[in-house]
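# Report on the structure
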Amino acid sequence: MGAQGSVQPLRATALRSAVGMVAVGVVGLVLIALGVLLGTSAILLIGCMVAGFGITYLSGVALNFEERLAFGTVLGAMAVAAAGFAAAMLVREVNLGTVVVGLALPLGLAAAAATTNRSRLRADLADAAARWTASPRVPGHPWPLALVFLACSAWTVHFLHQAYVYRPDGLYVGYVNIWGDWAAHLTFAGSFAYGHNLPPEYPIDPGNNLGYPFMVDFLAASLIPLGSSLTSALVLTSGLLGLALLVVFYLAAAWFAGGRAAAAIAVFVFLLSGGLGFYYLIGDIQHFGLGALAHLPREYTLNRSLNFQWLNPVLAYLVPQRSTLFGFSLALIVLLLVWLAVRERQDWRVFLFAGVVAGLMPTFHVHAYGTVVALSAIWALFNQRRAWFAFFAPALALGAPVLLWMWPPVNNSYCVGGASLDGYCVELGWLSYTDWERDGVLSIPTDFLWFWIKNISVLIPLIVAGHFLQRWFPTGFGKWFAPMWLWFLVPNLIVLQPWDWDNTKFFIFWALLGSVMVGGVLAGLFKRGPVAAAGASVLLVLLCLSGALDLARASDFSVSSVKFTDSKGLQVADWVRQNTPADAMFAVADEHNNPIPTLAGRRVLVGYQGWLWTYGLGDYAQKGEDEVAILRGDQHTADLVDRYGIDYVLVGPQEQSPPRSASIDYWSEHGTLVYTNGEYTVFKV
């Protein structure tokens, strides 16, 4: 009897080991496939995943395999970027050596953590293999996660594969917000990869610290020494972080809401968020016929003439503002760790791990850092423990100095006929004020309510309902979410950004966590009979249809593509990158898609002033005037060239068009012609 009893544990141990080996083999095959598809760039991308997976064992939280892989992909990318940046700062450039160091340090840390927790690692692998190979009917099977991932990743991969398309006549982008916003990301990443921009300053306004959260672009720059092109580097890093976010959001929402159905719904509610603009599809079909469904003629979540301002979050943030790919995931991960630490009475190590991650966040995403620290501070007031010190000490000691270094030099807020509070505009009801200014002060309540209903549909009523249906949330998430209403109320009173639309940078975190509340409410309705389930389905359509239409349109290259630059622009950028010093200063047109800053990675006297205004810089207006004088060859050109240290002048289509009207005759006489392709001409000063 004793011998038989001892055999059973041995068999169980052998089975767990075998299942674990199968899991390792499957993961290994996936990583090999990624390597074949992505080439040498996969070294860094897979390195981020492996490093982060191991680093999660330092958290002290009992995560499962999927959580370690998803959270670890983001944390690993963070660690690789931070370590590579530290190495690059020492040698003042990004090269193969700095990339190797950036990978080696996190991988070494991960290996140590995984080795120390090897029994936990084996158990995690065995548990994952058992759950994934079980019948989908078995409770706890991860099929909802797989379904969410496959549905969202299908759109993501399709969209990103046409983000940049090279054609004989030039470079095209697949969506207008890539044409616009990714030009800045090309500029920042290129300045690291080709321009030795260390310590980082704005390459489109040299002399000012790079206050934009730049680490996502530094990570992209780290792919260049591995053989990636600049455009591919942006696509690959966006793909890595974008696909990870899908899983991070689902898994965090499952913890917060206490259920898989609520988590799945929350993901789609947020990613497909939009208002009631789908109503205008009826008129479009009447006007264009059913062909309008094949190639949608407009965006339905953004129509400023009708005061539809809530552009779908994927198209407003995850696509154009690449740093949010880090920001949303890191905010969810850190808040989840803190939440678990408080609820489960975890020791100080969990708080410390979360605090260190939070402290590194400002260069990855400033608004996510502020959200994490502020919300945690409110939670700490109602859940007082000494262990909070382990969180706030590193979060503030690491983050605050960097935040001060990044802080904009001036407040460029511009109040149109409204009051201001210490330089910040008071804007009652945010952009709904344009409606009640038209309709009269007495209409403020109704205009405000209608503004938010038409912009985000029934999101607010469902979040409010969640507070009254706490029994539907086994975790009591409503009380933890409650402080996030400040992220909705305050931006409805004060404009916290130079451009009032950018208050969405605060609203968006309210919507991100609010989607979890909505997911819990709708999941509860689906469980309460066919009538309630039908009602929940209608509510989902109201919440998601406009966003779904806009995502479909954005992925339609035939209607959404925009030309970024022509073939001659690609040629001059390639020549400049290969034939001018990395620290050369150019005078060029201050257009957002000028090929010199965006594709050649060189500094320019001043870049697109619309960005510089929102970045809170104060010298761009004067630089813009001086740049025009230089291009025209005005009487003070020689003095201005000396003052700003101009090395080269580009004269191309953008420079020759008004209001710059660059003089090629002046520069032919006062500069040295070093390159021309018939459209773009470069003069050495």
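Okay, so let's go over this structure. Computed from a predicted structure; not experimentally measured. (Residues numbered from 1 in each chain as written. Predicted model: local features only at pLDDT ≥ 70, side-chain atom pairs only at ≥ 80, totals over all residues. Heavy atoms only, no water.)

### Describing helix α23 (residues 504-526)
Owing to its 3.6 residues per turn, the α-helix brings residues three or four apart onto one side. Taking 1.5 Å per residue, 23 residues should reach 33 Å; α23 reaches 31 Å between its end C-alpha atoms and fits that length. At L513, α23 shows its largest bend, some 25°. The element α23 is largely enclosed, with a buried count of 21 among its 23 residues. (Helix = DSSP H or I, 4+ residues; strand = E, 2+ residues; numbered from the N terminus. Expected span 1.5 Å × (residues − 1). Bend = angle between axes of the 7 residues up to and from the residue. Buried < 20%, exposed > 50% of the residue type's maximum accessible area, 1.4 Å probe, protein only.)

### Let's talk about the side chain of S413
Secondary-structure assignment places S413 in the loop between α17 (388-406) and β3 (420-421). A polar atom in the side chain of S413 sits 2.7 Å from the side chain of N411. Setting aside its immediate chain neighbours within four residues, S413 contacts G423, Y424, C425, Q497 and P498. (Polar contact = N/O pair within 3.5 Å; in protein donor to acceptor, adjacent residues only side chain to side chain. Contact = heavy atoms within 4.5 Å.)

### A look at the sheet that holds strand β1 (residues 164-167)
Spatially, β1-β2-β5 is the arrangement adopted by the three strands of the open sheet, whose pairing is antiparallel. The sheet is open, and its two borders are formed by β1 and β5 (562-566), each paired with just one other strand. Between one strand and the next, the sheet's axes are offset by a mean angle of 25°, whatever the strand orientation. In this sheet, strand β2 (residues 170-173) lies alongside β1 in antiparallel orientation, the contact comprising four bridges. Bridging from a neighbouring strand, Y166 pairs with L171 of β2. Against the sheet, helix α7 (residues 176-193) engages β1, β2 and β5, with an angle of about 45° to β5. (Pairing = 2+ DSSP bridges. Axes fitted to C-alpha atoms, helices over the stretch in contact; angles between N-to-C directions.)

### Some words on the pattern of salt bridges
Considering all chains together, one arrives at 18 salt bridges under this definition. With a closest N to O distance of 2.7 Å, R349 and D347 form a salt bridge. On the basis of relative accessible area, D347 is assigned to the partly exposed category, the value being 30%. Residues D435 and R438 are paired through a salt bridge, measuring 3.5 Å at the closest nitrogen-oxygen approach. Here D435 and its partner R438 are both found in helix α18 (residues 433-439), three residues apart, which amounts to about one turn of the helix. Here R438 falls in the exposed class, since its relative accessible area comes to 59%. Taken together, the shared-partner salt bridges connect E66, D127 and R131 into one network. (Salt bridge = Lys/Arg side-chain N within 4 Å of Asp/Glu carboxyl O.)

### What about a nonpolar patch on the surface?
A cluster of nonpolar side chains, contributed by W348, L352, V356, L360 and L398, occupies part of the molecular surface with about 410 Å² of accessible area. The partly exposed category is assigned to L352, whose relative accessible area is 33%. (Patch = residues over 30% accessible without salt bridge, like charges linked within 9 Å, V, L, I, M, F, W, Y side chains within 5 Å. Areas by Shrake-Rupley, 256 points an atom, 1.4 Å probe, with all protein chains shown as cover.)

### Overview of the pairing of strand β9 (residues 672-676)
For β9 and strand β10 (residues 681-684), the ladder comprises four bridges, and the chain directions are antiparallel. Along β10, the bridge assignment pairs T672 with K684. Between the end of β9 and the start of β10, which pair antiparallel, lie four residues, with G678 showing a positive phi angle near 90°.

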